[in-house]
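Chain residues, written in single-letter form:
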Amino acid sequence: MTTTDLIGKLLQVGLALAGFSAVLGLIFFFVDRAPKRGRDVVQLLAFLLPAMALIAIGLVYPAIRTTITAFGDKAGNFIGLDNFVWMFTQPEALITLRNTVVWVIIAPAVSTIIGLAYAVFIDKSRGERIYKVLVFMPVAISFVGAGIIWKFIYEYRPAERDQIGLLNQILVWFGQEPVLWLQTEPINTLMLIIVLIWVQTGFAMVILSASIKGVSIEQLEAAQLDGTNAWQRFRNVTLPGIRGGLVVVLTTITIATLKIFDIVRTMTGGNFNTSVVANEMYTQAFRAVEPGRGAALAVVLFLLVLPIVVYNIRVLRQQKEIR
Amino acid sequence: MSAKQRRRLFIPIAAAAVVGLALTGCTGDIAAEETADTDCADYEAYGTFDAGTEVNIYGTILEVEADRLNESWADFEACTGIDVIYEGSAEFEEQINVRVQGGNPPDLGITPQPGLVADLARSGALVPAPQAVADNVSEFWSEDWASYGTVDGTLVGAPLMASIKGYVWYSPAVFEENGWEIPATLDELATLTDEIAESEVMKPWCVGFASGVATGWPGTDWVEDMVLRQAGPEVYDQWVNHEIPFNDPAIAEALDTVGDFIKGPANVNGGLGEVNSIATTEFGDAGLPVLEGTCAMHHQATFYEGFWPDGTEVAEDGDVWAFITPGVEEDAAAVTGGGEIVVAFNDSEETVAVQTYLSSDTWANNRVNIGGVISANTGLDPENASSDLLATSVELLQDPDTTFRFDASDVMPGAVGTGSFWKGMVDWIGGKSTAETLDFIEGSWPAE
Amino acid sequence: MSDNVVDLPIPGTANRKDTAAEAVAGTKAGRVKRRLTSRWATLAALIIAVVWTIPTFGILLSSFRPEELIRTTGWWTIFQNPGLTLDNYRDVLFSSSASSPQLGSYFVNSLAIAIPATLFPLVLAAMAAYAFAWIKFKWAGALFVFIFALQIVPIQMALIPLLQMFTSILQPIQAQIHDVIPLIPEQTYVQVWIAHTLFALPLVIFLLHNFISEIPSEVIEAAKVDGASASQVFFRIVLPLSVPAIASIAIFQFIWVWNDLLVALVFSGGTADVAPLTQRLAELSGNRGQDWHRLTAGAFVSLVVPLIVFFGLQRYFVRGLLAGATKG
């Protein structure tokens, strides 16, 4: 890289940031000077439109296109529900669906619970920052890094050799036979889920820790004066206080779990009955070049997320009522 | 936001920037090799181009191999003025489809999968090979090889490099010590396997199917070798083109033969575990027990030469050496192998020039001279090969009596070749029956 | 007038200051008690911290071990099998691969991509979240839910249409800019920025909305009564009060962009002009994945910056300023 390259790069970033600020500045300048009549509409558009326009181009249009693709064959001819029929008739389909459900049940709940417990335990303790960084680190590690990290946990070597996977080494220390973790059903799916939990706990912990900091100190102290123990205070004061944060964390992790494909893809390739819907989608759309089938799986994913959407609508309504 | 807060935001960003700059400083510019004294006689035919003319190549080749690729056309660049920009990606198979459909294809693509070439050609993304390339192909490549760059009767690309699959790696010292002979026929290989197993000195085979997302492919190589040797090239071609079903008895027989070698607990998996360890043993690690004396043989392509630890002598009287998986009869020279095809997404003058150069004997000799690979280009001088094994392989490829067939899984449609065939092999080694496995793969063959 | 807004005796803010003061006092008292009452909690936290760190620690040790030892023995046998080396790091940092030279330029690219791709979506999403939470309009709820549901759209499905648009619209413009200002290469970051921004929007809007909607309504109403315009309310009240939320979301957005490979693969063009670190690291393991031991070092090289950002930004959200602090 030459110095000119570097200047060019910095120039790009600088221009982009300046341009972005300038456009926003202009928008706000005119919004504040909009005629009284219709100012509300102008304001609304100014705040909402930039994001909405990008979303329409980048997500809504592709989503519609994907839905149409789901009803077509390789060449794009309309074939009705064939892709969906294919999905539910191939032998592995039900296993894939079952696995996805198992993932969604376990991963969000466990990472949220551990993240919450951890956030509560370390709250205001000495060295809170160090504690936080330790659990946060997995979030910051690239996926390539995470893959190699877990290789050193699950790797199998026969009993007569030195283990290089920690889990099997522990078994060997206790006089057990090493296990092929990623190949033995059904624990292999569990082993993959653990990787996701390991990553997502840091996310849950950071958000929930921030929420906990927001819980009213007065209430906690009042409860303490009433002679409640730590668990009661947590149940009756902290938990209601961080309800919003909990919903956010659970929802976000659930959606991330539904979309998970790279853990499965790189660790087992979907073999040994560990595949999930998102992984099938990727494989069909890009490896097998069957865009219709891939799209059909994407539609199924979308349907799977609907219950979460409905739940969030209800939470949203409740919030509105409180306010 | 207060000034203090602003400073707090500034510090991490500044720190990150400093780290970045430090790294920049460390690496610095890599000076372009001096090319002033290049002999341009070989490149006159390609013409000269304005400075700044670029040709983008996108391919699967990475790292050291990509460096060597760049080196192989450095003189060409200096003489013609074309700047060849190579980009390699491990995600090539997916990304090339994305780029083509997104309207942003490279000028040239290098892929080891004739199946992908066929898909791209039929989708209209490729331009037919220009006359100069076609001339080179008919001059320097056998018909077998030319056919892998031909889709529906139109030549769309020339082959590039090659590798021979189906070598069996062994330790000459161990063989001599135990009085084991290099088998000349498939039956002898089976007898040898039994003999080693019964001797209990070591397991006859070590096998590893694991290869990240592509887990299972080493298994497909086994099957392909057996189909070609037992059923012959005609059946092999019918199988690849789906003129016979995947669960044809001939394929079942081949798979069962593979099973006789590697599915029996007595035969595998030397020092790596039981039969069930095959699916999760990295293919790259799988051959190493040959050196440790815990297994006698390992089935893998020529490129495994690069996987032996530094200092391992690969020679007929060295630490390891390899023989070609024998045929049913003695001296039946039928081998499977792989290679790359160069395809073009446009026919601009500079693209044609690069494409033509890559299909020439000049390039093949240049590249092979740099080391590590071979090519099936008949204009290649075997002397240029960088090792004994590669020289042997070049001779084998250039021998007109050799029947060569491309790795079937690379030629089959993606849904099978890079999908169900791999997965099928993993399930099969995990205990699924031959019939069930083949029925599953057959069922996944895309409808025309 | 703008000064007025800041100095307004807003009930919420006053409250907030008191709370903060008390929090400090409470913390000290709490600390003493904590150590007496929650030994088990501390132990549990310690166990979680250790379990979560061991995998990373193992790989950190491994990254300093020679290839031979990595492949044959576990990192916990480091005392029986001593041998430390910087080779893996040397390979990662300085391997002068001609096809992808100079790690430094990839590093700069990663930063140049990640910083704007964090700022853009956060600002736009904060604006949208503010509109959803505090401007009343028809269908607000329905539109919000719709955007929320868009989170599930797999990025892979959006890549091709987006690339088509970029190729036909953006690239000619980029070529023109390159002609006018030759310093700026034809292949720019713009595509990557836009892609990251719009893929991030649904989630960031959803996350920010949750915090922004919890700002006490008195605060905002009071400002409005005093004649603050919408943009003043946004910049002087909503944004400052959401700093903790914005900071924590910024960390995650930064990390997601920093570690992204998929978007980079499609939109960076793969050249040293634009391609980020991840793209380079992904290739380190070589043609057939045989050099995976290098990834041990690669993982840490790319971890440095996210950790710096985390350390730098975490002070914003540990201070008890979270929106909704005064709720109840």
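Source: prediction; values computed, not measured.

What counts as what
Residues numbered from 1 in each chain as written. Chains lettered and ligands numbered in written order. Predicted model: local features only at pLDDT ≥ 70, side-chain atom pairs only at ≥ 80, totals over all residues. Heavy atoms only, no water. Helix = DSSP H or I, 4+ residues; strand = E, 2+ residues; numbered from the N terminus. Rg over C-alpha atoms; globule rule 2.2 N^0.38 Å. Buried < 20%, exposed > 50% of the residue type's maximum accessible area, 1.4 Å probe, protein only. Contact = heavy atoms within 4.5 Å. Areas by Shrake-Rupley, 256 points an atom, 1.4 Å probe, with all protein chains shown as cover. Lys, Arg positive; Asp, Glu negative; His and termini not counted. Charge placed at Lys NZ, Arg CZ, Asp CG, Glu CD. Buried area = accessible area lost by both parts, 1.4 Å probe. Salt bridge = Lys/Arg side-chain N within 4 Å of Asp/Glu carboxyl O. Nonpolar A, V, L, I, M, F, W, Y, C, P; charged D, E, K, R; others polar. Phe/Tyr/Trp six-rings, centres within 6.5 Å; stacked < 30°, edge-to-face > 60°. Disulfide = S-S within 2.5 Å. Domains from an automatic or database assignment. Polar contact = N/O pair within 3.5 Å; in protein donor to acceptor, adjacent residues only side chain to side chain.

Draft legend 1. Here's a closer look at the overall build of chain A. When you go through chain A residue by residue, the secondary structure sums to 14 helices and zero strands. For a compact globule of 323 residues, the expected C-alpha radius of gyration is about 20 Å, and chain A comes in at 25 Å, more than 25% above that figure. With the C-alpha coordinates aligned to their principal axes, the bounding extent of chain A is approximately 80 × 70 × 55 Å. With 323 residues in all, chain A has 55% of them scored as buried. Counting contacts in chain A only where the partners sit at least 6 residues apart, residues at least 24 apart contribute 61% of the total. About 14100 Å² of surface is accessible on chain A, with carbon and sulfur atoms providing 67% of the total.

Draft legend 2. Fine view of the overall build of chain B. Helix and strand counts for chain B stand at 19 helices and 12 strands. Taking 448 residues into account, the globule formula puts the C-alpha radius of gyration at 22 Å, and chain B, at 24 Å, falls close to it. For chain B, the proportion of its 448 residues judged to be buried stands at 61%. In chain B, the proportion of contacts linking residues at least 24 apart, taken out of those at least 6 apart, comes to 75%. With an accessible surface of roughly 17100 Å², chain B has 47% of that area assigned to carbon and sulfur atoms. Across chain B, the centroid of the 15 positively charged side chains sits 20 Å from that of the 77 negatively charged ones.

Draft legend 3. Fine view of the interface of chain A and chain C. With 113 residues of chain A at the interface, the matching set in chain C holds 124 residues. When chain A packs against chain C, the two sides together hide about 10700 Å² of surface, and 77% of this comes from carbon and sulfur. Of all residues in chain A, the largest losses of buried area upon contact with chain C belong to Q12, F47 and L59 of chain A, amounting jointly to 7% of the total for that side. For the pair chain A and chain C, the interface holds zero salt bridges. The dominant element in the side of chain A that touches chain C, judged by the number of residues it contributes, is helix α2 (residues 39–69) of chain A, at 19 residues. In terms of residue class, the side of chain A that touches chain C is built from 74 nonpolar, 23 polar and 16 charged.

Draft legend 4. How the structure looks around the packing of aromatic side chains. All names here are of chain B. By the definition in use, this model includes 62 aromatic pairs over all chains. When the ring of W145 is compared with that of F404, the centres are 4.5 Å apart and the planes differ by 20 degrees; the resulting orientation is stacked. A residue pair is termed long-range when its members are at least 10 positions apart, and W145 in helix α7 (residues 143–148) and F404 in strand β12 (residues 403–406) qualify at 259 residues. Accessibility classification places W145 together with F404 in one group, the buried group. Ring geometry for W205 against F261: centres 5.9 Å apart, planes inclined by 75 degrees, an arrangement best described as edge-to-face. Of this pair, W205 sits in strand β8 (residues 203–205) while F261 is found in helix α11 (residues 249–262), placing the two residues 56 residues apart along the sequence.

Draft legend 5. How the structure looks around the state of the cysteines. Residues and elements named next belong to chain B. For the structure shown, the criterion picks out two disulfides over all chains. There is a disulfide in this structure between C40 and C79, and the S-S distance comes to 1.9 Å. When the S-S torsion is -85 degrees, as for the bridge of C40 with C79, the disulfide is left-handed. Here the residue C40 occupies a position in the loop between α1 (3–27) and β1 (54–59), and C79 occupies one in helix α3 (residues 74–80), the gap between them amounting to 39 residues.

Draft legend 6. Seen up close, the domain arrangement of chain B. Residue and element names in this part refer to chain B. If you check the domain split of chain B, you get domain 1 (43–163 + 337–400) and domain 2 (167–324 + 413–444). One C-alpha centre belongs to domain 1, the other to domain 2, and the line joining them spans 29 Å. Listed per partner, the contact involves nine residues of domain 1 and nine residues of domain 2. Each partner contributes to the roughly 810 Å² buried at the junction of domain 1 and domain 2, and carbon and sulfur atoms together form 63% of this total. The largest per-residue losses of area from domain 1 upon contact with domain 2 belong to S163, D388 and L389, which jointly make up 52% of the total buried on that side. At the boundary of domain 1 and domain 2, one finds zero salt bridges. Inspection of the domain 1/domain 2 interface yields two residue pairs in polar contact (both at pLDDT 80 or more). Sort the elements by how many residues they give to the side of domain 1 that touches domain 2 and helix α16 (residues 388–398) lands first, with six residues.

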